[in-house]
Amino acid sequence: MLKIFPFLMVFLACGCANFGKNGQKINFICNISYNNTISFSELNVQIYPDTHGDYARIDACPDHTLAVDFSSSGLYGGHHETLLRQMRFNANQGGLPIKMSVAGTYLGSDGESRPATLVIKKITGYNLPKETP
């Protein structure tokens, strides 16, 4: 029985954690008061472009809205022209959210002046809505 106990404890601990792709924990991101930084290599989100800035909803926790920082993603460097055109259209005219897979960093909120922010380092994939301009 003593030999089985450590195996059983590891199994239960792994079964309770919420993992993203590549075995990354994403349950901390769903906690809006979590104020640490988390890096991830792939996270599925829905991006809502706006004239005041972009925001995102993470598929794993849709009730959690984050500010988005695309400055390090290559979005503005000509790598994703069609995506950028759709985002500008959505920001000015409205439209459906854009589904993306992204890599980057989650900066949690400090509860005072710093909002929770998704810093996107790389866009690994995206699906544009059917009504593309």
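The preceding data block contains the structure.
Residues numbered from 1 in each chain as written. Predicted model: local features only at pLDDT ≥ 70, side-chain atom pairs only at ≥ 80, totals over all residues. Heavy atoms only, no water.

## Considerations on the overall build of the protein chain
Summing up its helical and strand segments, the protein chain has two helices and five strands in all. Starting at the N terminus and walking to the C terminus, you meet the elements of the protein chain as α-β-β-β-α-β-β. Per-residue burial for the protein chain yields a buried fraction of 34% across its 133 residues. Nonlocal contacts in the protein chain, meaning residues at least 24 apart in sequence, comprise 55% of its contacts between residues at least 6 apart. Roughly 8,300 Å² of accessible area belongs to the protein chain as shown, and the carbon and sulfur atoms make up 54% of that amount. (Helix = DSSP H or I, 4+ residues; strand = E, 2+ residues; numbered from the N terminus. Buried < 20%, exposed > 50% of the residue type's maximum accessible area, 1.4 Å probe, protein only. Contact = heavy atoms within 4.5 Å. Areas by Shrake-Rupley, 256 points an atom, 1.4 Å probe, with all protein chains shown as cover.)

## What to know about the sheet that holds strand E5 (residues 117–127)
By way of backbone hydrogen bonds, the strands of a sheet pair with one another, either parallel or antiparallel. Spatial ordering of the closed barrel is given by E1-E2-E3-E5-E4, a layout of five strands whose pairing is mixed. Adjacent strand axes in the sheet meet at a mean angle of 50° when their direction is disregarded. In this structure, strand E2 (residues 55–58) lies alongside strand E3 (residues 61–69), joined through four bridges in antiparallel fashion. Looking at the pairing, Ala56 lines up with Leu66 of E3. Against the sheet, helix H2 (residues 81–93) contacts strand E1 (37–48), strand E4 (98–107) and E5, and its axis sits at roughly 90° relative to E4. (Pairing = 2+ DSSP bridges. Axes fitted to C-alpha atoms, helices over the stretch in contact; angles between N-to-C directions.)

## Topic: the environment of Gly125
Mapped onto the elements of the fold, Gly125 is located in strand E5. When the C-alpha positions of Gly125 and Ala103 are compared, they lie 9.9 Å apart, and in sequence the two are 22 residues distant. When neighbours within four sequence positions are excluded, Gly125 is seen to be in contact with Lys99, Met100 and Ser101.

## Side note on the packing of aromatic side chains
Evaluation of the coordinates by the stated rule reveals one aromatic pair. Between the aromatic rings of Tyr48 and Tyr55, the centroid separation amounts to 5.1 Å while the plane-to-plane angle is 10°, which identifies the pairing as stacked. The class of Tyr48 is buried, set by a relative accessible area of 18%. Stacked on the ring of Tyr48, the Lys or Arg Arg57 has its end atom at 5.3 Å from the ring centre. (Phe/Tyr/Trp six-rings, centres within 6.5 Å; stacked < 30°, edge-to-face > 60°. Lys NZ or Arg CZ within 6 Å of the ring centre and 35° of its normal.)

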